[in-house]
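# Observations on chain architecture
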Amino acid sequence: MRIVVVDANHPDPEIIREAALVLRNGGLVAFPTETVYGLGANALDASAVSRIYSAKGRPAWNPVIVHVASVETARLYTTDWPASAECLAQRFWPGPLTIVVPRADSIPDVVSAGGPTVALRVPAHPVAKALINAAGTPIAAPSANRYTQVSPTTAQHVVESLGERVPFVLDGGPCQVGIESTVVECGDDAVTILRPGMIDADSLGEAVAGLGIRVSDSRDVARHPIPRSPGTAERHYAPNADVWLFEPEEAGELAMALAARQEIGNEMTKSGESPPVALLRTPGLIGGANLLEVRMPEEPGDYARDLYAALHRADKIRAELLIIEMPPDGPEWAGIRDRLTRAAR
Ligand code: TXA
Ligand code: MG
């Protein structure tokens, strides 16, 4: 495996050319985006894309995102580019938004898991942009981790999860957004959030308000009984530890449950397991218990940036129990609450 450090803002063109050559020859390259690290392959080469699925151990029914350099290139890979898509692309690209639209014939089946749509994104990260341009082809890339594991926000996380399954890693330092892009499906009269992220429902709604279009959430089961983004259906983004989520007002109950658990643990093991790790926005919220307390940021942007590194660290020290104080229920926290809920499933 080759791991090459690049300057996040001014990547060395020589190194980018080397990585682009790997992609053009049908190989895989892990690279930073502003959200999480991606595991890239030439999106127009079906056998290259199938290598992504084997490296990740990802089931074939879960489609991958195609990364392109501009709105103009995105339009080449769809048969219909509705006004809502144009509007959102103009407002949020390059950036952490993925737009699902009808798939053009040039996109192989394997990219879309045989479905009629394709997910497109123009990433903002200079390394991702440089790589797409040098490869001269769209790049299919899911997050660069084994299936169901926590997404990587550093090159180290990529290596720990995929090991020798990834031949080439561009190390551009830690990702700034920290959780995966918001995924929306765009139609003529509707925009549906398939996966929440840091571009929230309110911002999307403001952007398309002029078109008279409203934004709805696919997790509103009354409206959308069939999940439309396969990857959002199950346990995902999950650390190895058991995860207990709690709202701040449940701290008292939680402390009691912990005390009971520790008593049972003491009877069963002489050595005593590693103490639970607690990710807290309110320091000292759980009194009494023997905990490894990790202070989490107040602001959603900072919280998202730090979250996966905190989950990866808990895995690294082999924590058996991870206790997480849920952040508030506002739209700006929806992506984070979604990932936390799925980590606990
Ligand atoms: O931020 C991100 O989106 C990162 C970076 C690398 O761009 N990528 C990422 O990819 O998170 P992945 O494969 O881990 O998640 C892609 C999500 C999955 O939930 C998948 O089911 C959904 O997007 N998806 C992909 N293509 C789709 C399609 N045609 N229709 C509906 N959902 C789709
Ligand atoms: Mg993923």
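Heads up: the structure comes first, above all this text.
These lines cover the structure that appears in this document, whether it is placed above or below. Note that this is a predicted model, so its numbers are computed, not measured.

As a further point, take the overall build of the protein chain. Looking only at helices and strands, the protein chain features eleven helices and 15 strands. For 345 residues, the compact-globule estimate of 2.2 N^0.38 gives 20 Å, and the C-alpha radius of gyration of the protein chain, at 21 Å, lies within 12% of that figure. If you line up the protein chain on its principal axes, its C-alpha atoms span 60 × 50 × 35 Å. Every one of the 345 residues in the protein chain was classed for burial, and the buried ones make up 52%. Put simply, 69% of the contacts in the protein chain that link residues at least 6 apart link residues at least 24 apart. As presented, the protein chain carries roughly 14,800 Å² of accessible surface, and 52% of it is formed by carbon and sulfur atoms. Taken together, the 31 basic and 43 acidic charged side chains of the protein chain have centroids lying 5 Å from each other.

Another aspect to go through is the environment of D217. Tracing the backbone shows D217 in strand β11 (residues 215-217). Overall, the relative accessible area of 23% leaves D217 in the partly exposed class. Note: C-alpha distance between D217 and P196 (21 residues apart in sequence) is 8.3 Å.

Turning our attention to the environment of L307. Positionally, L307 belongs in helix α10 (residues 300-316). Sequence-wise, L307 and M296 are eleven residues apart; in three dimensions their C-alpha atoms are separated by 7.9 Å. Excluding anything up to four places from it in sequence, L307 contacts I179, L279, M296, R339 and L340.

Neighbouring ligand 1 are 26 residues, the closest being T35, N62, H67, S181 and R195. In the environment of ligand 1, an oxygen atom lies 2.7 Å from a nitrogen or oxygen atom belonging to the side chain of N62. A distance of 2.7 Å is found between an oxygen atom of ligand 1 and a side-chain nitrogen or oxygen belonging to H67. The set of elements that each furnish at least two residues to the shell around ligand 1 consists of β4 (65-67), β6 (117-121) and β10 (191-195). A class-by-class count of the residues in the shell around ligand 1 yields eleven nonpolar, ten polar and five charged.

Glancing now at the pairing of strand β2 (residues 29-32). Burial of β2 is two-sided: the residues V29 and F31 facing one way and the residues A30 and P32 facing the other way are all buried. Taken together, the four bridges between β2 and strand β3 (residues 37-42) define a ladder with antiparallel strand orientation. Bridge pairing in β3 places A30 opposite L39. Linking β2 to β3, which pair antiparallel, is a turn of four residues.

Among soluble globular proteins, nonpolar side chains are generally buried collectively. If you look at the biggest cluster of nonpolar residues, it comprises 48 residues, and the most contacted ones within it are W81, L88, W93 and I99. The contact partners of L88, leaving out residues within four places of it in the chain, are W93, L97, I99, V184, C186, V191, L204, A207 and V208. Counting 23 residues, the second-largest nonpolar core is a separate cluster that includes V36, Y237, V277 and L340.

Time to look at the packing of aromatic side chains. Two descriptors summarise a pair of aromatic rings, namely the distance from one centre to the other and the angle between the planes of the rings. Applying the stated criterion to the full structure yields two aromatic pairs. Geometrically, the ring pair formed by W81 and W93 is tilted, given 6.0 Å between the ring centres and 35° between the ring planes. Linking W81 in the loop between α3 (71-76) and α4 (83-92) with W93 in the loop between α4 and β5 (97-102), this pair joins segments that are twelve residues apart in sequence. Accessibility classification places W81 together with W93 in one group, the buried group. When the centroid spacing of 5.5 Å and the interplanar angle of 80° are considered together, the rings of Y303 and W333 count as edge-to-face. Remark: W333 occurs in the loop between β15 (321-325) and α11 (334-344) and Y303 occurs in helix α10; sequence separation between them is 30 residues. Overall, the relative accessible area of 0% leaves Y303 in the buried class.

Definitions and limits used
- Residues numbered from 1 in each chain as written.
- Chains lettered and ligands numbered in written order.
- Predicted model: local features only at pLDDT ≥ 70, side-chain atom pairs only at ≥ 80, totals over all residues.
- Heavy atoms only, no water.
- Helix = DSSP H or I, 4+ residues; strand = E, 2+ residues; numbered from the N terminus.
- Rg over C-alpha atoms; globule rule 2.2 N^0.38 Å.
- Buried < 20%, exposed > 50% of the residue type's maximum accessible area, 1.4 Å probe, protein only.
- Contact = heavy atoms within 4.5 Å.
- Areas by Shrake-Rupley, 256 points an atom, 1.4 Å probe, with all protein chains shown as cover.
- Lys, Arg positive; Asp, Glu negative; His and termini not counted.
- Charge placed at Lys NZ, Arg CZ, Asp CG, Glu CD.
- Near = heavy atom within 4 Å.
- Polar contact = N/O pair within 3.5 Å; in protein donor to acceptor, adjacent residues only side chain to side chain.
- Nonpolar A, V, L, I, M, F, W, Y, C, P; charged D, E, K, R; others polar.
- Pairing = 2+ DSSP bridges.
- Core = buried A, V, L, I, M, F, W, Y, C linked by side-chain atoms within 4.5 Å.
- Phe/Tyr/Trp six-rings, centres within 6.5 Å; stacked < 30°, edge-to-face > 60°.

Fair warning: the whole summary comes from geometry, so function is off the table for now.
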